[in-house]
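Next come the chains, spelled out residue by residue.
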Amino acid sequence: MTEDLKGLALDAIATSAAADDPDYPRFHVVPPVGRLNDPNGLLVDGGTFHAFYQFSPFHPHRKLVYWGHSSSADLLHWRHHEPTIVPDSFYDRSGAYSGNAIVLEGRELDDAPARAPYQLFYTGNLKDPVTDERTASQCLVTSGDLTDFAKWPGNPLIPTNAEGYTAHYRDPQVFRDPDRPGEYRMLIGVQRANESGAAVLYRSRDLVSWEPEGELTFPDAGGVFDSFGYMWECPGLVRVTDEDTGEDWDVLIWCPQGIAPQTEGFENIFPCVYTVGHLVGTELRDTGGAFHEVDRGFEFYAPQVFARRPSEPGPVLLTAWAGNASEDDQPSISTGQWVHALSLPRSLSLKEGRLIQRPATNLPHDVGRPALVDTALEAGQYEIAELRGYRSWQLRLEADAASDSDACWGLRIGTAESHVDIVLDGGVLRVDRSTSRYTQHGSVRAVTLPEGCAPVLEVIHDRSLTEVFVGDGALTFTLRSFVDVGSSGARLMLEEPLVLKTGSVRTFAPAPEVL
Ligand code: FRU
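The structure displayed is predicted, hence computed values, not measured ones.

## Here's the deal with the site of the ligand
Around the ligand sit Asn-37, Asp-38, Gln-54, Tyr-97, Ser-98, Arg-170, Asp-171, Glu-233, Tyr-301 and Trp-321, and that is every residue in its neighbourhood. Side-chain polar atom of Asn-37 to an oxygen atom of the ligand: 3.0 Å apart, as the coordinates give it. For the ligand, an oxygen atom lies 3.1 Å from a polar atom in the backbone of Ser-98. Computed on the free molecule, the ligand has an accessible area of 320 Å², of which 88% lies beneath the protein chains in the complex. Of all the elements in the fold, those that place two or more residues in the shell around the ligand are strand S1 (34–45) and strand S10 (165–176).

Written out as structure tokens, the structure is:
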């Protein structure tokens, strides 16, 4: 008898106790039950944002990945929907893996055999139960209204990996070819037969028949990316504008597994990096071989940007999995039967070849400027009275540039016993969560600030998830922050003679959150 996989997932969701868990974030995309990993199929639709994600409703008892679905009008209040892709077809029985979305309009709709505006691409994962042999295929799901979804009857679109590659061949990103109107390209993360990572491109006019174009190459990179880890996951090409020069660049963002470069950073099990160039055919030119981590925090992986209709342009918004592989050992799996969250969307731009990432939204309740109250907690520690009682908040502080160079200042979230410290100290960001309830996979990390980094510290904290933005988006640091559930707000740690120039405090709830 075949299982009713959709019904089983809905039954699991009906048992959700996550909302009663004091660690459950309030304005992030979180699973109602089970496990979440990569964001998938992010799209904007007439002012509504849809976030799909890798969703394992039966975690940790049974491994089976669906696409979960949440939507929001403001990127802060999210509503859960039924799972969108159920792994119940012959080609995705071992999981509906990651992919992206494209939203069609006008002539594009007439030219697509699946005449539906919303087209979601994903990898069908199939493991032979006897031999354990894997087959990866690229598949399509369409929808006319984002409520009902149909698997394309001609699935799989690309039934297997190309010759010269292994079955680690996944995570399609489909995008319009800006150089050839009416044509689309698909970028796929792959492993070569010699067990090195790469990305390949396919081309299509109708989104269902795809022709292989070959590997993405980096002619000006001096060979840096030729043998760069054993597998590339979740590659994405994103066009981003330099905010000083107005020039457009193609930014490749991807997750190479198994690299250990001899530079600062790269402490996570798998990193997420970017390189900046110009895409011409299958060549990403002008990268110079330079690459950087997208975010320097403990938990950040597999980001992608929201797809938009051409007639609905807007900022480039990026969302990531605020997690990483092998990190399912978080307290929430026993307190609320859920694990992991997506990061808040951030808007992307470029400055001198480096990504600038700023929060895409502000929390709804503007409490004004912090009037620091020295409650004599300890020398140099000030309570931020406006945050008292809140466990979901946003704080932006700007120091006087002249006094910043050697000063040491920052925030403590939590109590004296259980906290996360976020400190700027002489050109270094130091994050210490060693006294929190989640210290595995990294507890203290120091990050050198980019040159000329402005003394601006913005922190967005949502119960057990913290996102740090330094220097007006020049550096970001995402982490899970399971501090004492009884604690609220934050205190400022300030060394004289640093002068705070401005500050703002925002909270999620209009009244303090009582536990
Ligand atoms: C990245 C990843 C993807 C894959 C998905 C499976 O976290 O491993 O490569 O499609 O997760 O859940």
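## Some remarks on the sheet that holds strand S19 (residues 301–305)
One open sheet holds the 4 strands; their spatial order is S19-S20-S22-S23, and the pairing between them is antiparallel. Each edge of the open sheet carries a strand with a single partner, namely S19 and strand S23 (354–359). Each neighbouring strand pair of the sheet contributes to a mean axis angle of 40 degrees, computed without reference to strand direction. Sheet analysis places strand S20 (residues 317–321) next to strand S22 (residues 346–351), joined by 2 bridges and oriented antiparallel. Across the sheet, Leu-318 pairs through a bridge with Arg-346, a residue of S22.

## Brief notes about the domain arrangement of the protein chain
Splitting the protein chain by domain gives domain 1 (5–359) and domain 2 (365–507). Counting from both sides, the interface comprises 37 residues of domain 1 and, opposite them, 35 residues of domain 2. Taken together, both faces of the contact between domain 1 and domain 2 bury some 3,100 Å²; the carbon and sulfur share is 51%. Contact with domain 2 buries area across many residues of domain 1, yet Asp-23, Arg-296 and Phe-298 alone supply 23% of it, more than any other trio.

## Concerning the nonpolar core
Grouped together as the largest cluster of nonpolar side chains are 43 residues, with contacts concentrated most on Val-251, Ile-253, Val-294 and Leu-355. Excluding residues that lie within four positions of it along the chain, Val-251 makes contacts with Gly-236, Leu-237, Val-238, Val-240, Tyr-274, Thr-275, Val-276, Leu-350 and Leu-355. Grouped together as the second largest cluster of nonpolar side chains are 34 residues, Leu-397, Leu-457, Phe-477 and Leu-494 included.

## Some points on the pattern of salt bridges
Within this structure, the stated rule accounts for 37 salt bridges. Residues Arg-296 and Glu-293 are paired through a salt bridge, measuring 3.4 Å at the closest nitrogen-oxygen approach. Accessibility expressed as a relative area gives 15% for Arg-296, which makes it buried. Salt bridges here are not isolated pairs; linked through shared partners, they connect Asp-177, Arg-180, Glu-183, Arg-185, Arg-203, Arg-205 and Glu-213.

## Considering the sheet that holds strand S34 (residues 475–480)
In space, the 6 strands of this open sheet follow the order S24-S36-S27-S32-S33-S34, with antiparallel pairing throughout. The strands lining the two open edges of the sheet, one partner per strand, are strand S24 (365–368) and S34. Direction aside, the axes of adjacent strands within the sheet are offset by 15 degrees on average.

## Some points on the UniProt feature "domain: Glycosyl hydrolase family 32 N-terminal" (unreviewed entry) in the protein chain
In the numbering used here, UniProt assigns the "domain: Glycosyl hydrolase family 32 N-terminal" (unreviewed entry) feature to residues 28–359. Its end C-alpha atoms 13 Å apart, residues 28–359 is made of 3% helix and 46% strand.

## As for the side chain of Asp-242
Secondary-structure assignment places Asp-242 in the loop between strand S14 (231–241) and strand S15 (248–257). Within the buried set, Asp-242 has no salt-bridge partner at all; the shortest N-O distance to an opposite charge, 7.8 Å, is to Lys-351. Among the polar contacts made by the side chain of Asp-242, one reaches the main-chain amide nitrogen of Thr-245 at a distance of 2.9 Å. Residues within four places of Asp-242 in sequence aside, it is in contact with Glu-247, Trp-249, Leu-350, Lys-351, Glu-352 and Gly-353.

## Some thoughts on unusual backbone geometry
His-59 connects to Pro-60 through a cis peptide bond whose omega is 0 degrees. Inspection of the secondary structure assignment puts Pro-60 in the loop between strand S2 (48–56) and strand S3 (66–72). A cis amide bond, omega -5 degrees, links Asn-155 with the succeeding residue Pro-156. Mapped onto the elements, Pro-156 comes out in the loop between strand S9 (150–151) and S10. At His-340, a residue that is not glycine, the phi angle is positive and equals roughly 85 degrees. In this structure, His-340 sits in the loop between strand S21 (338–339) and S22. His-340 sits in the buried class, given a relative accessible area of 0%. Even without being glycine, Asp-472 reaches a positive phi, approximately 55 degrees. Locating Asp-472 in the fold gives a position in the loop between strand S33 (465–470) and S34.

## Thoughts on the layout of surface pockets
If a probe as big as a water molecule is rolled over the atoms, it shows which places are left empty. Roughly 810 Å³ of volume is contained in the second largest pocket. Lining the second largest pocket are 32 residues, with Arg-35, Asn-37, Lys-63, Tyr-97 and Glu-233 positioned closest to its centre. Each residue belonging to the lining of the second largest pocket can be placed in one class, and the counts come to 11 nonpolar, 11 polar and 10 charged.

## Remarks on the environment of Ser-347
Along the chain, the position of Ser-347 falls in strand S22. C-alpha of Ser-347 to C-alpha of Cys-453: the two residues are 106 residues apart in sequence and 18 Å apart in space. Every residue in contact with Ser-347, bar those within four places of it in the chain, is listed here: Pro-315, Val-316, Leu-317, Ile-356, Gln-357, Arg-358 and Ala-360.

## With respect to the packing of aromatic side chains
A full pass over the atoms with the stated rule returns 25 aromatic pairs. Ring plane angle 80 degrees and centroid distance 5.5 Å describe the contact between Phe-225 and Trp-254, whose orientation is recorded as edge-to-face. On the criterion of sequence distance, the pair formed by Phe-225 in the loop between strand S13 (211–215) and S14 and Trp-254 in strand S15 is long-range, its members being 29 residues apart. Taking relative accessible area as the criterion, Phe-225 reaches 1% and is therefore assigned buried. Through a chain of ring-to-ring contacts, the aromatic side chains of Phe-218, Phe-225, Phe-228, Trp-232, Trp-254, Phe-266 and Phe-291 assemble into a single cluster.

## Side note on the environment of Gly-246
For Gly-246, the position within the fold is in the loop between S14 and S15. The class for Gly-246 is partly exposed, based on a relative accessible area of 48%. The spatial distance from the C-alpha of Gly-246 to the C-alpha of Ser-349 is 10.0 Å, given a sequence separation of 103 residues.

How each quantity is defined
Residues numbered from 1 in each chain as written. Predicted model: local features only at pLDDT ≥ 70, side-chain atom pairs only at ≥ 80, totals over all residues. Heavy atoms only, no water. Near = heavy atom within 4 Å. Polar contact = N/O pair within 3.5 Å; in protein donor to acceptor, adjacent residues only side chain to side chain. Areas by Shrake-Rupley, 256 points an atom, 1.4 Å probe, with all protein chains shown as cover. Helix = DSSP H or I, 4+ residues; strand = E, 2+ residues; numbered from the N terminus. Pairing = 2+ DSSP bridges. Axes fitted to C-alpha atoms, helices over the stretch in contact; angles between N-to-C directions. Domains from an automatic or database assignment. Contact = heavy atoms within 4.5 Å. Buried area = accessible area lost by both parts, 1.4 Å probe. Core = buried A, V, L, I, M, F, W, Y, C linked by side-chain atoms within 4.5 Å. Buried < 20%, exposed > 50% of the residue type's maximum accessible area, 1.4 Å probe, protein only. Salt bridge = Lys/Arg side-chain N within 4 Å of Asp/Glu carboxyl O. UniProt positions renumbered as here; feature names shortened; annotations may be inferred. Lys, Arg positive; Asp, Glu negative; His and termini not counted. 1 Å grid on protein atoms, 1.4 Å probe; cavity = no way out; pocket = protein on both sides within 12 Å on 5 of 7 lines; lining within 4 Å. Points joined across faces, edges and corners; volume = space filled by probe spheres on them. Nonpolar A, V, L, I, M, F, W, Y, C, P; charged D, E, K, R; others polar. Phe/Tyr/Trp six-rings, centres within 6.5 Å; stacked < 30°, edge-to-face > 60°.

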